[in-house]
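Here is what each chain is made of, one letter per residue.
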Amino acid sequence: MNYQDYLIPADSPRLIEGRGLDPWTYSKPIRQSERAQGLIKMWQDLYHEPFRGVTTDGTLLEGRYALADEGFDARTATAAATALIDTLSEGERAKACYAIDAPEWRDWYNPEWPMNSHGIRLDEVDDRVRDAVTTLMRACFSDDGYLKTEQVRIANLFLGELYDLRTIMNEWSYHFLLFGEPSETEPWGWNLYGHHLALNCLIIGGQIVVSPTFQGAEPTVIDRGDGHQFELFQREALTGIELMRSLPSSLQDQAQTYREMRDPAMPDGRWHFADERQLGGAYQDNRIIPYEGISARSLQSAQQGMLRDVVASFLDLLPQRPFDARMRQIEAALDETWFSWIGPTDGVSPFYYRVQSPVVLVEFDTHSGVWLTNTEPARFHVHTLVRTPNGNDYGKDLLRQHYAEADHHTGNTHGS
């Protein structure tokens, strides 16, 4: 399948009516639709729940995370954040800066139409601010990880260019928020979110938590004719396919929880129009997600290695030493790790998979069209997710421990 066969006609009213509009004007009629109203209500109800974290049965497994120096370069990140603040006007600073425990951490989203007005919009500030934000991102991520986030933003621009909707979808159509005071020792962080990209980053000294993250693209194959030619999420796709196809038929059958991407056997709620098969998307901070599929204990050592490669492909945002620390944490929970799959197993058709343990949840899903006309999932529209179950999304468990150790606040103060 080629995404170019599924382009919306250039004279479609949907495109004509959106051209030239700013994001806020564009979003008004969408937000007033019955479907959007229902989605917003559902998501906002979840947002206003006290934070607990993703679990398998509603019971929080404690003691899974510990404060430690994992080699993150807090000095460079702190300097970048301080320089960013210095580029902001007084009004921008008032909009961008939040308390470390502000609930706005959790109000991120991934549609192209604005759902809130938190932080600063990078398409509404000057180049100095945008450059400072990307410098901060580079200071927090690996080179490959930063490149992936840049390519996701370029993919958003490419989609805007395909339809002449660049005021709505471009490489800067994202909110940016800064939490706490940048410090080499005290907790602080930031998030960035918008269409197909949401990043949450908490820093405590030499430790960094990058979770939850959402990255996607429609289409995934980008060729802007200016040297920006690439395909997103190949590694995540291929490592998952390699693992699934390495399994003997008996384990494939167990791992394949549903044969069809929208299977009649799915219970109510297992498929949703906004997230399709994914369970850990925006606002799902407290979702109960039981293990499914096969346990890593049933895999041969080579297949366990493939499972590690799958997870590693989602964690490449992390710099090397924090990445190594995170993989050790995941390795320690390998006997409690599960792998599940939805859809055909031929390695060509659209598919979904999830790897889940007490300390990590990653999801890969191929979606039907939103800005393309395919009514069934296609390999050229992909959503990926990373969560840190049992209370450490947004680094909240580490934040609780930090303040408990410092005897400044109770753990409940930072649990909202």
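Our subject is the structure that appears above.
Because the structure is predicted, anything quoted here is derived from the model rather than measured.

To continue, consider the overall build of the protein. Helix and strand counts for the protein come out as 12 helices and 14 strands. Relative to the compact-globule value of 22 Å for 416 residues, the protein shows a C-alpha radius of gyration of 21 Å, a close match. When the 416 residues of the protein are sorted by exposure, 59% land in the buried category. Contacts spanning at least 24 positions in sequence make up 71% of the contacts within the protein whose residues lie at least 6 apart. A total accessible area of about 17,000 Å² is found for the protein, and carbon and sulfur atoms account for 48% of it. Placing the 37 positive and 61 negative side-chain charges of the protein at their respective mean positions leaves the two points 2 Å apart.

Looking now at the environment of proline 29. On the secondary structure map, proline 29 appears in helix α2 (residues 23-31). Remark: the alpha-carbon pair of proline 29 and proline 13, spanning 16 residues in sequence, is separated by 14 Å.

The subject of this paragraph is α2. Among the residues of α2, Pro23, Tyr26 and Ser27 are the ones counted as buried. Across the axial projection of α2, the buried residues extend over an arc of 95 degrees, all falling on one side. Across α2 from its buried face, at more than 90 degrees, point the exposed residues Lys28 and Pro29. The elements touched by buried residues of α2 are α1 (13-18) and β2 (120-121). Of the residues that open α2, the one with a side-chain oxygen 2.9 Å from the backbone nitrogen of tryptophan 24 is aspartate 22.

We now examine the packing of helix α10 (residues 301-314) against helix α11 (residues 320-332). Here α10 crosses α11 at 140 degrees, and the two axes come no closer than 11 Å. Overall, the two elements α10 and α11 adopt an arrangement that is oblique. In this structure, α10 crosses over α11, and the sense of that crossing is right-handed. In contact with Arg308, Val311 and Ala312 of α10, α11 contributes Phe323, Met327, Ile330 and Glu331.

A word on the pairing of strand β13 (residues 361-366). For β13, the tally of buried residues reaches six of six residues, placing the bulk of the element in the interior. Residues Leu361, Glu363 and Asp365 point to one face of β13 and Val362, Phe364 and Thr366 to the other, with burial holding for every one of them. In terms of strand pairing, strand β12 (residues 352-356) meets β13 through five bridges, oriented antiparallel. When the sheet's bridge partners are listed, glutamine 356 is paired in β13 with leucine 361. Once β12 ends, the chain turns through four residues before running back antiparallel as β13. As defined by bridge partners, β13 adjoins strand β14 (residues 382-387) across six bridges and the pair is classed as antiparallel. Directly across from phenylalanine 364, in β14, lies its bridge partner threonine 384.

Turning our attention to the packing of helix α4 (residues 74-87) against helix α6 (residues 127-140). In the contact formed by α4 and α6, the axes pass within 9 Å of each other and the chain directions differ by 170 degrees. One finds that α4 runs roughly antiparallel with respect to α6. Where α4 crosses over α6, the two elements pack in a sense that is left-handed. Here Thr76, Ala77, Ala80, Ala81, Leu84 and Thr87 of α4 lie close against α6, whose contacting residues are Arg128, Val129, Ala132, Val133, Thr135, Leu136, Ala139 and Cys140. The class makeup of the residues in the contact of α4 with α6 is 10 nonpolar, three polar and one charged.

A word on the side chain of asparagine 374. On the secondary structure map, asparagine 374 appears in the loop between β13 and β14. Judged by relative accessible area, which is 4%, asparagine 374 ranks as buried. Apart from the residues within four sequence positions on either side, asparagine 374 is in contact with Tyr6, His367, Ser368, Gly369 and Phe380.

Between the first and last C-alpha of α6 there are 20 Å, a value that for 14 residues agrees with the 20 Å anticipated at 1.5 Å per step. Among the residues of α6, those classed as buried are Val129, Arg130, Ala132, Val133, Thr134, Leu136, Met137, Ala139 and Cys140. The opening residue of α6, the one whose side-chain oxygen lies 3.0 Å from the backbone nitrogen of arginine 128, is aspartate 126.

Another aspect to go through is the packing of aromatic side chains. Tallied over the full model, the rule gives 21 aromatic pairs. For the ring pair tyrosine 291 and tryptophan 338, a centre distance of 5.9 Å and an interplane angle of 10 degrees mean the geometry is stacked. Of this pair, tyrosine 291 sits in the loop between β9 (256-258) and β10 (294-295) while tryptophan 338 sits in strand β11 (residues 338-342); the two residues are 47 residues apart in sequence, bridging distant segments of the chain. Judged by relative accessible area, tyrosine 291 falls into the partly exposed class, the value being 29%. Relative to tyrosine 353, the ring of phenylalanine 314 lies with its centre 6.2 Å away and its plane at 85 degrees, an arrangement referred to as edge-to-face. Highlighted residues: phenylalanine 314 in helix α10 and tyrosine 353 in strand β12, separated in sequence by 39 residues. In this structure tyrosine 353 comes out as buried when scored by relative accessible area, which is 0%. Put simply, the rings of Phe314, Phe339, Trp341, Phe351, Tyr353 and Phe364 pair up and form one aromatic cluster. If you follow arginine 270 out to its NZ or CZ, it ends over the ring of tyrosine 352, 5.5 Å from the centre.

Reading guide: rules and limits
Residues numbered from 1 in each chain as written. Predicted model: local features only at pLDDT ≥ 70, side-chain atom pairs only at ≥ 80, totals over all residues. Heavy atoms only, no water. Helix = DSSP H or I, 4+ residues; strand = E, 2+ residues; numbered from the N terminus. Rg over C-alpha atoms; globule rule 2.2 N^0.38 Å. Buried < 20%, exposed > 50% of the residue type's maximum accessible area, 1.4 Å probe, protein only. Contact = heavy atoms within 4.5 Å. Areas by Shrake-Rupley, 256 points an atom, 1.4 Å probe, with all protein chains shown as cover. Lys, Arg positive; Asp, Glu negative; His and termini not counted. Charge placed at Lys NZ, Arg CZ, Asp CG, Glu CD. Arc of directions from axis to C-beta. Polar contact = N/O pair within 3.5 Å; in protein donor to acceptor, adjacent residues only side chain to side chain. Axes fitted to C-alpha atoms, helices over the stretch in contact; angles between N-to-C directions. Parallel < 35°, antiparallel > 145°, perpendicular 65-115°, else oblique. Left-handed = near helix turned anticlockwise from the far one by under 90°. Pairing = 2+ DSSP bridges. Nonpolar A, V, L, I, M, F, W, Y, C, P; charged D, E, K, R; others polar. Expected span 1.5 Å × (residues − 1). Phe/Tyr/Trp six-rings, centres within 6.5 Å; stacked < 30°, edge-to-face > 60°. Lys NZ or Arg CZ within 6 Å of the ring centre and 35° of its normal.

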